[in-house]
Amino acid sequence: MTISVSHEVVAGARAGRVILLNGTSSSGKSSIAAELLTVLDGAWFHLGIDGFHRVRSRRDWSEEEFLPIFQRTVLGFHRAVAGMVAAGNDVVMDYVLGERWRLADCLSVLSEHQVLFVGVRCSLPELQRRERDRGNRTIGRAEAQFPLVHQHGVYDVEVDTEQHTPAECAAQIRDRLHEGPPTAFTQLRAQ
(Lines give C-alpha, C1' and ligand atoms only; values in the text may rest on other atoms or scores of the structure.)
Protein backbone atom coordinates (compact mmCIF):
# COMPACT_ATOMS: atom_id res chain seq x y z
CA MET A 1 0.00 0.00 0.00
CA THR A 2 1.36 3.41 -0.95
CA ILE A 3 0.31 6.54 0.89
CA SER A 4 1.01 9.86 -0.68
CA VAL A 5 0.86 13.28 0.89
CA SER A 6 -0.46 15.98 -1.34
CA HIS A 7 1.57 19.14 -1.76
CA GLU A 8 -1.51 21.13 -0.71
CA VAL A 9 -1.66 19.39 2.68
CA VAL A 10 1.98 20.14 3.42
CA ALA A 11 1.96 23.66 2.00
CA GLY A 12 -1.30 24.56 3.73
CA ALA A 13 -0.35 23.18 7.14
CA ARG A 14 -0.77 25.67 9.93
CA ALA A 15 2.15 26.24 12.23
CA GLY A 16 2.06 24.02 15.28
CA ARG A 17 2.42 25.23 18.85
CA VAL A 18 4.68 24.21 21.73
CA ILE A 19 3.90 24.11 25.43
CA LEU A 20 7.34 23.81 27.02
CA LEU A 21 7.10 22.43 30.57
CA ASN A 22 10.34 23.24 32.40
CA GLY A 23 11.09 21.93 35.87
CA THR A 24 13.37 19.66 37.83
CA SER A 25 13.22 15.91 37.83
CA SER A 26 10.20 14.77 39.90
CA SER A 27 8.49 18.17 39.66
CA GLY A 28 5.40 16.70 37.97
CA LYS A 29 5.95 17.63 34.32
CA SER A 30 4.95 14.26 32.89
CA SER A 31 1.78 14.12 35.00
CA ILE A 32 0.81 17.60 33.81
CA ALA A 33 1.58 16.64 30.20
CA ALA A 34 -0.72 13.62 30.47
CA GLU A 35 -3.50 15.86 31.77
CA LEU A 36 -2.91 18.44 29.03
CA LEU A 37 -3.47 15.78 26.38
CA THR A 38 -6.97 15.27 27.81
CA VAL A 39 -8.00 18.95 28.21
CA LEU A 40 -6.54 20.65 25.12
CA ASP A 41 -8.51 20.87 21.90
CA GLY A 42 -7.14 19.09 18.87
CA ALA A 43 -4.34 16.54 18.55
CA TRP A 44 -1.37 17.20 20.84
CA PHE A 45 1.79 15.12 21.22
CA HIS A 46 3.74 14.68 24.46
CA LEU A 47 7.47 14.58 23.73
CA GLY A 48 9.77 14.24 26.72
CA ILE A 49 13.53 14.21 26.89
CA ASP A 50 13.40 11.08 29.09
CA GLY A 51 11.85 9.16 26.20
CA PHE A 52 14.76 10.10 23.96
CA HIS A 53 17.28 8.93 26.56
CA ARG A 54 15.39 5.64 27.03
CA VAL A 55 15.66 4.65 23.37
CA ARG A 56 19.43 5.15 23.18
CA SER A 57 21.67 2.09 23.37
CA ARG A 58 23.27 1.38 26.74
CA ARG A 59 27.00 0.95 27.16
CA ASP A 60 29.56 1.48 29.89
CA TRP A 61 30.79 4.81 28.57
CA SER A 62 33.22 6.94 30.50
CA GLU A 63 32.00 10.40 31.43
CA GLU A 64 34.26 11.83 28.72
CA GLU A 65 32.78 9.49 26.09
CA PHE A 66 29.19 10.02 27.24
CA LEU A 67 29.10 13.83 27.37
CA PRO A 68 29.03 14.39 23.56
CA ILE A 69 26.45 11.59 23.20
CA PHE A 70 24.28 13.26 25.83
CA GLN A 71 24.64 16.67 24.19
CA ARG A 72 23.76 15.30 20.73
CA THR A 73 20.69 13.62 22.25
CA VAL A 74 19.53 16.93 23.74
CA LEU A 75 20.18 18.86 20.50
CA GLY A 76 18.35 16.17 18.54
CA PHE A 77 15.39 16.38 20.92
CA HIS A 78 15.08 20.12 20.30
CA ARG A 79 15.13 19.54 16.54
CA ALA A 80 12.61 16.68 16.74
CA VAL A 81 10.18 18.98 18.54
CA ALA A 82 10.82 21.74 15.97
CA GLY A 83 10.24 19.26 13.14
CA MET A 84 6.91 18.12 14.57
CA VAL A 85 5.80 21.72 15.02
CA ALA A 86 7.00 22.74 11.53
CA ALA A 87 4.75 19.99 10.12
CA GLY A 88 1.76 21.59 11.87
CA ASN A 89 1.64 19.46 15.01
CA ASP A 90 1.04 20.77 18.52
CA VAL A 91 3.56 19.50 21.07
CA VAL A 92 3.79 19.40 24.86
CA MET A 93 7.55 19.43 25.48
CA ASP A 94 8.52 17.88 28.84
CA TYR A 95 11.99 19.15 29.68
CA VAL A 96 14.67 20.20 32.17
CA LEU A 97 16.53 23.38 31.21
CA GLY A 98 19.39 22.61 33.56
CA GLU A 99 22.11 24.34 31.53
CA ARG A 100 22.13 27.70 29.77
CA TRP A 101 23.14 26.23 26.40
CA ARG A 102 19.91 24.20 26.33
CA LEU A 103 17.74 27.31 26.63
CA ALA A 104 19.89 29.16 24.06
CA ASP A 105 19.46 26.31 21.59
CA CYS A 106 15.68 26.13 22.19
CA LEU A 107 15.40 29.89 21.64
CA SER A 108 17.21 29.46 18.32
CA VAL A 109 15.68 26.22 17.04
CA LEU A 110 12.12 27.19 18.00
CA SER A 111 12.45 30.82 16.88
CA GLU A 112 9.81 30.47 14.16
CA HIS A 113 7.27 28.78 16.43
CA GLN A 114 4.82 29.81 19.11
CA VAL A 115 6.12 28.56 22.47
CA LEU A 116 4.14 28.84 25.70
CA PHE A 117 6.88 28.66 28.34
CA VAL A 118 5.69 27.06 31.59
CA GLY A 119 7.61 26.96 34.86
CA VAL A 120 6.77 23.81 36.84
CA ARG A 121 7.68 24.47 40.46
CA CYS A 122 7.83 22.46 43.64
CA SER A 123 9.73 22.92 46.90
CA LEU A 124 13.04 21.12 47.35
CA PRO A 125 11.87 19.07 50.38
CA GLU A 126 8.88 17.81 48.35
CA LEU A 127 11.11 16.98 45.36
CA GLN A 128 13.41 15.00 47.64
CA ARG A 129 10.44 13.14 49.12
CA ARG A 130 9.12 12.28 45.64
CA GLU A 131 12.53 10.97 44.55
CA ARG A 132 12.71 8.68 47.59
CA ASP A 133 9.11 7.48 47.31
CA ARG A 134 9.15 6.76 43.59
CA GLY A 135 12.14 4.45 43.80
CA ASN A 136 13.00 4.86 40.11
CA ARG A 137 14.75 8.23 40.37
CA THR A 138 18.39 9.12 40.82
CA ILE A 139 18.54 10.45 44.37
CA GLY A 140 19.95 13.97 44.40
CA ARG A 141 19.17 14.82 40.77
CA ALA A 142 16.33 17.22 41.64
CA GLU A 143 18.48 18.93 44.26
CA ALA A 144 21.29 19.43 41.73
CA GLN A 145 18.85 20.83 39.15
CA PHE A 146 16.88 22.97 41.61
CA PRO A 147 19.05 26.14 41.53
CA LEU A 148 19.51 25.93 37.74
CA VAL A 149 16.23 25.24 35.95
CA HIS A 150 14.47 28.53 36.71
CA GLN A 151 17.50 30.85 36.72
CA HIS A 152 16.42 32.65 33.51
CA GLY A 153 13.38 33.95 35.46
CA VAL A 154 10.83 34.54 32.67
CA TYR A 155 7.71 32.42 32.00
CA ASP A 156 4.34 32.83 30.37
CA VAL A 157 2.77 30.94 33.28
CA GLU A 158 4.01 29.14 36.37
CA VAL A 159 2.35 26.25 38.18
CA ASP A 160 3.04 24.76 41.60
CA THR A 161 2.65 20.99 41.75
CA GLU A 162 2.91 20.94 45.51
CA GLN A 163 -0.16 23.18 45.89
CA HIS A 164 -2.17 21.98 42.87
CA THR A 165 -3.00 18.64 41.25
CA PRO A 166 -1.76 17.85 37.73
CA ALA A 167 -5.32 18.45 36.45
CA GLU A 168 -5.44 21.88 38.11
CA CYS A 169 -2.03 22.78 36.68
CA ALA A 170 -3.15 21.64 33.22
CA ALA A 171 -6.25 23.83 33.49
CA GLN A 172 -4.10 26.85 34.41
CA ILE A 173 -1.88 26.22 31.38
CA ARG A 174 -4.87 25.69 29.07
CA ASP A 175 -6.40 28.96 30.27
CA ARG A 176 -3.14 30.86 29.65
CA LEU A 177 -2.90 29.32 26.17
CA HIS A 178 -6.33 30.78 25.36
CA GLU A 179 -5.52 34.25 26.79
CA GLY A 180 -3.31 35.26 23.88
CA PRO A 181 0.11 34.82 22.33
CA PRO A 182 2.98 33.86 24.61
CA THR A 183 5.73 36.41 25.18
CA ALA A 184 8.39 34.74 27.37
CA PHE A 185 10.57 33.44 24.51
CA THR A 186 10.45 36.84 22.81
CA GLN A 187 11.58 38.49 26.07
CA LEU A 188 14.37 35.95 26.56
CA ARG A 189 15.65 36.39 22.99
CA ALA A 190 15.84 40.15 23.59
CA GLN A 191 18.00 39.74 26.72
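None of the values given here were measured: they were computed from a predicted structure.

Let's talk about the pairing of strand β5 (residues 157-160)
The side-chain alternation of β5 yields one buried face, formed by Val157 and Val159, and one unburied face, formed by Glu158 and Asp160. In this structure, strand β4 (residues 114-121) lies alongside β5, joined through four bridges in parallel fashion. Looking across to β5, one finds that Arg121 is bridged to Asp160.

Side note on the pattern of salt bridges
This model, assessed by the stated rule, comprises nine salt bridges. Of the charged contacts in the structure, one is a salt bridge between Asp105 and Arg79, with a shortest N-O distance of 2.7 Å. Note that Asp105 is positioned in helix α5 (residues 100-109) and Arg79 in helix α4 (residues 63-86), a separation of 26 residues in sequence. Judged by relative accessible area, Asp105 falls into the buried class, the value being 13%. Here Arg129 ties to Glu126 by a salt bridge, and the two come within 2.6 Å at their closest N and O atoms. Taken as a pair, Arg129 and Glu126 lie in helix α6 (residues 124-134) at a separation of three residues, close to a single helical turn. Looking at Arg129, the relative accessible area reads 35%, which means it is partly exposed. What emerges from the salt-bridge pattern is a single network uniting Glu126, Arg129, Arg130 and Asp133.

Concerning the UniProt feature "binding site: ATP" (unreviewed entry) in the protein chain
According to UniProt, the "binding site: ATP" (unreviewed entry) feature falls on Gly23, Thr24, Ser25, Ser26, Ser27, Gly28, Lys29 and Ser30. The annotated residues named above include Ser25, Ser26, Ser27, Gly28, Lys29 and Ser30 as those lining the largest pocket. With respect to the helices and strands, the residue Ser26 is situated in the loop between β1 (17-22) and α2 (29-39). Relative accessible area serves as the criterion here: at 3%, Ser26 is assigned to the buried category.

Some remarks on the packing of α2 against helix α8 (residues 166-179)
Between α2 and α8, the least distance of the axes is 8 Å, while the angle of their chain directions is 60°. The angle between the axes of α2 and α8 places the two elements in the oblique class. As for the relative orientation of α2 and α8, their crossing is right-handed in sense. Packed against α2, whose contacting residues are Ser31, Ile32, Glu35, Leu36 and Val39, the element α8 presents Pro166, Ala167, Cys169, Ala170, Ile173 and Arg174 at the interface. Among the residues forming the contact of α2 with α8, the class breakdown is eight nonpolar, one polar and two charged.

Regarding the packing of aromatic side chains
According to the stated counting rule, one finds five aromatic pairs in the structure shown. Ring geometry for Phe66 and Phe70: centres 6.1 Å apart, planes at 45°, overall tilted. Linking Phe66 with Phe70, this pair stays in helix α4, spanning four residues, or about one helical turn. The class of Phe66 is partly exposed, set by a relative accessible area of 27%.

What counts as what
- Residues numbered from 1 in each chain as written.
- Predicted model: local features only at pLDDT ≥ 70, side-chain atom pairs only at ≥ 80, totals over all residues.
- Heavy atoms only, no water.
- Buried < 20%, exposed > 50% of the residue type's maximum accessible area, 1.4 Å probe, protein only.
- Helix = DSSP H or I, 4+ residues; strand = E, 2+ residues; numbered from the N terminus.
- Pairing = 2+ DSSP bridges.
- Salt bridge = Lys/Arg side-chain N within 4 Å of Asp/Glu carboxyl O.
- UniProt positions renumbered as here; feature names shortened; annotations may be inferred.
- 1 Å grid on protein atoms, 1.4 Å probe; cavity = no way out; pocket = protein on both sides within 12 Å on 5 of 7 lines; lining within 4 Å.
- Axes fitted to C-alpha atoms, helices over the stretch in contact; angles between N-to-C directions.
- Parallel < 35°, antiparallel > 145°, perpendicular 65-115°, else oblique.
- Left-handed = near helix turned anticlockwise from the far one by under 90°.
- Contact = heavy atoms within 4.5 Å.
- Nonpolar A, V, L, I, M, F, W, Y, C, P; charged D, E, K, R; others polar.
- Phe/Tyr/Trp six-rings, centres within 6.5 Å; stacked < 30°, edge-to-face > 60°.

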